[in-house]
Amino acid sequence: MHFLFEPGLLASGPVRTALLVGGIVAVASGVIGVFTVIRSQSFAGHSLADVATTGGSGAFLVGLNQFWGFLAAGIAAAGLMEAIGVQRRRGRDVATGVVLGAALGAAALFLYLGTQQTSTTGASFTILFGSMFVISPDTVPALIASGAVAVLAVAVLARVLLLTSLSPDLARARGVNVRLVGMAYLIALAISVSLSAVAIGAVLSTALLIGPAATALRLTKSPVRAMAASALSGVAATWLGIVLAYDSDDWPPHGHGWPVSFFVVVLVVAGYLLTYVRRPRRLAPRSPHEGAECSPA
Amino acid sequence: MSQETAQHKTEQADLLKLEGIGVRLGGRLVLSDVTFGIRKGEFTGLIGPNGAGKTTLLRVILGLQEPSGGQVLIDGEPRQAHHNSSIGYVPQKLVIDPDMPLRARDVVSLGLDGHRLGFGFPSSRRRELIDMALRDVGAEKFADARVGELSGGEQQRVLIAHALISRPRMLLLDEPLANLDLKSEQEIVALLGKLARDNEISVLLSAHDMNPLLSVMDRIVYVANGHVATGSTDEVVTSEGLTRLYGHHVDVVRVHNRVLVVAGE
Ligand SMILES: Nc1ncnc2c1ncn2[C@@H]1O[C@H](COP(=O)(O)OP(=O)(O)OP(=O)(O)O)[C@@H](O)[C@H]1O
Ligand SMILES: [Mg+2]
């Protein structure tokens with residue numbers, strides 16, 4: 001194991017912060033991502049990430065920690081998406097297309113101005129692609145608290161979200177305010193995307209949201225197990241990514257570690273692809289009942 | 001049904017009553033002046049051609065569609081939120097993704113408290129209730145399979161168990177027989193007939209073909225042309241009655257215990 005765990009790994013402050021924050025982010029993204037996939041809201045997640053980029057770069061420009069920028073922009077975008085109706089597909093595509101274009105344009109401007117001010121490209125890189133090794137320890141409590149709030153909110157809403165994804169009418173008929181639940185979920189999603197943007201960058205944040213969840217949904221049958229598997233595989237990819245990035249200091253070109261986000265995303269995608277290597281699910285008919293003549297599709 | 005129980009039922013007050021319901025959709029009056037009642041333990045067929053307004057009527061009863069006029073009464077009082085739990089519902093067509101992480105038993109479990117916030121901790125009592133509901137509809141064989149991977153008939157059973165586990169007094173089913181083969185159709189109809197009889201659940205089932213229901217239907221609500229006609233099958237399904245309802249000539253033909261409604265000249 002010595003070749004993997006370089007000596008001094010756990011003694012390093014930034015590494016410990018990265019492992020802690022990365023773990024929290026992976027759990028939040030994993031749990032929330034399961035519902036993002038079930039509700040077919042990957043697009044919403046991606047839009048939130050784009051808008052978060054604007055917030056993060058704006059916050060950097062005015063000297064705030066980028067997490068607050070991600071969070072404020074994400075929650076504002078969630079409200080806006082609800083207002084223009086993410087449910088209505090046609091209106092949604094056009095309206096979000098326009099809003100996202102404007103948001104990314106503003107992000108480009110903020111990043112440019114930021115670079116002029118500090119004459120480094122490091123900050124732009126951190127906002128777009130993240131770096132868990134430069135997370136400021138001051139924000140750690142806020143990151144942990146936000147992650148806890150988002151996970152708790154989704155856990156409390158889990159049954160209602162499942163019923164709603166089974167059939168919104170079924171939920172409405174039982175007295176569920178489907179719209180309010182959708183809004184609450186979108187806010188939790190915005191928080192989760194902001195966390196993920198801090199960890200692996202705004203551009204890559206959806207990878208951590210969708211990848212582990214998609215992997216888990218291929219492997220598990222029940223909702224609780226899907227959430228657990230998604231969180232676990234996200235944590236595994238994140239931690240292993242951190243270890244590999246730490247090790248990569250010794251890799252060519254010497255003296256520069258590879259970006260940790262690269263490793264995390266590669267591991268997430270590898271995990272997903274691995275699920276296709278498994279033997280195909282169930283070849284034999286499940287029950288005699290299924291074999292009945294002309295059973296409908 | 002014996003003469004005596006039939007007598008008893010007519011004396012009962014209606015569990016559900018629609019009074020002068022009108023529904024306007026997209027500026028068009030889809031239904032007008034719909035009045036009918038449903039009694040405890042009765043099996044009612046909601047029959048009509050495509051687009052007649054069957055789903056719309058069920059949505060009005062469920063409180064999902066605001067009527068433009070009239071009222072829905074449950075136990076004689078206007079329908080309110082607290083009546084939700086008295087009504088079980090099986091929607092028309094659910095498209096469930098095969099990747100949806102819900103086993104048949106999870107769907108049934110959502111019928112128990114899927115509308116509530118908070119966590120549903122597993123307990124042996126809960127498991128027993130779920131197993132019982134699955135057994136009641138003959139779904140125990142695929143209890144642990146993902147719903148998205150079940151056949152149409154199997155999904156239908158699971159959804160009926162989902163609707164029944166909260167012990168509603170009324171069960172509304174929207175086209176549950178569509179896409180079923182003959183055998184599953186007969187099994188589901190027999191199952192629903194038994195539920196109505198033994199558990200005194202009022203069943204309101206929509207279908208475009210009344211024939212599979214003739215053996216179990218106590219009453220028919222025939223929807224066409226924006227209006228309904230209601231009564232026993234023999235009263236409602238006549239050439240004169242349906243001609244009046246449709247507003248153009250139709251012939252009712254009875255052959256081999258089947259009823260055919262055919263458009264006339
Ligand atoms: N949202 C809507 N806006 C406008 N018209 C609608 C809307 N929903 C339904 N309709 C119309 O209302 C009528 C009744 O529809 P409904 O779905 O109740 O029919 P149905 O009897 O259930 O038909 P089917 O047998 O095909 O299920 C149809 O003519 C339909 O086109
Ligand atoms: Mg319908």
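These lines cover the structure that appears in this document, whether it is placed above or below. (Residues numbered from 1 in each chain as written. Chains lettered and ligands numbered in written order. Predicted model: local features only at pLDDT ≥ 70, side-chain atom pairs only at ≥ 80, totals over all residues. Heavy atoms only, no water.)

**Looking at the interface of chain B and chain A**
Quite often, the size of an interface is put as the accessible area lost when its parts meet.
Consideration 1: Counting residues at the interface gives 45 residues for chain B, matched by 38 residues for chain A.
Consideration 2: For the chain B and chain A pair, buried surface summed over both sides reaches about 3,700 Å², with 58% attributable to carbon and sulfur atoms.
Consideration 3: Sorting the residues of chain B by area buried against chain A places Pro101(B), His115(B) and Arg146(B) first, and these three jointly supply 15% of that buried surface.
Consideration 4: The tally of links from chain B across to chain A stands at two salt bridges. (Contact = heavy atoms within 4.5 Å. Buried area = accessible area lost by both parts, 1.4 Å probe. Salt bridge = Lys/Arg side-chain N within 4 Å of Asp/Glu carboxyl O.)

**Some remarks on a nonpolar patch on the surface**
Residue and element names in this part refer to chain B.
Consideration 1: On the surface, Val253, Val255, Leu260 and Val262 cluster together into a nonpolar patch covering about 250 Å² of accessible area.
Consideration 2: Mapped by element, the contributors of at least two residues to the nonpolar patch are β11 (250-255) and β12 (258-263).
Consideration 3: Its location among the elements puts valine 255 in strand β11.
Consideration 4: Valine 255 sits in the partly exposed class, given a relative accessible area of 37%. (Patch = residues over 30% accessible without salt bridge, like charges linked within 9 Å, V, L, I, M, F, W, Y side chains within 5 Å. Areas by Shrake-Rupley, 256 points an atom, 1.4 Å probe, with all protein chains shown as cover. Helix = DSSP H or I, 4+ residues; strand = E, 2+ residues; numbered from the N terminus. Buried < 20%, exposed > 50% of the residue type's maximum accessible area, 1.4 Å probe, protein only.)

**Some remarks on the coordination of the magnesium ion (ligand 2)**
All names here are of chain B.
Consideration 1: Donor atoms from the polypeptide that bind the magnesium ion (ligand 2) are Thr55 (OG1) and Gln92 (OE1), placed at 1.9 to 2.4 Å. Taken together, the positions of threonine 55 in helix α2 (residues 54-62) and glutamine 92 in the loop between β6 (87-90) and α3 (104-113) put the pair 37 residues apart, joining distant regions of the chain.
Consideration 2: Classification of glutamine 92 as partly exposed rests on a relative accessible area of 34%. (Donors = N, O, S within 2.8 Å, 3.2 Å for Na, K, Ca; no water.)

**Focus on the sheet that holds strand β9 (residues 219-224) of chain B**
Residues and elements named next belong to chain B.
Consideration 1: The strand order β6-β7-β8-β3-β9-β10 describes an open sheet built from six strands, whose pairing is mixed. Since the sheet does not close on itself, it has two edges, and those belong to β6 and β10 (227-231), each with one partner. Going across the sheet, the axis of each strand differs from the next one's by a mean of 15°, ignoring polarity.
Consideration 2: Note: β9 against β10, five bridges, orientation antiparallel. Paired with isoleucine 220 across the two strands is glycine 231, which belongs to β10.
Consideration 3: Strands β3 (43-47), β6, β7 (170-174), β8 (202-207), β9 and β10 of the sheet are contacted by α2, whose axis makes an angle of about 150° with β7.
Consideration 4: The sheet contacts of helix α5 (residues 152-164) involve β6 and β7, and relative to β6 the element is tilted by about 165°. (Pairing = 2+ DSSP bridges. Axes fitted to C-alpha atoms, helices over the stretch in contact; angles between N-to-C directions.)

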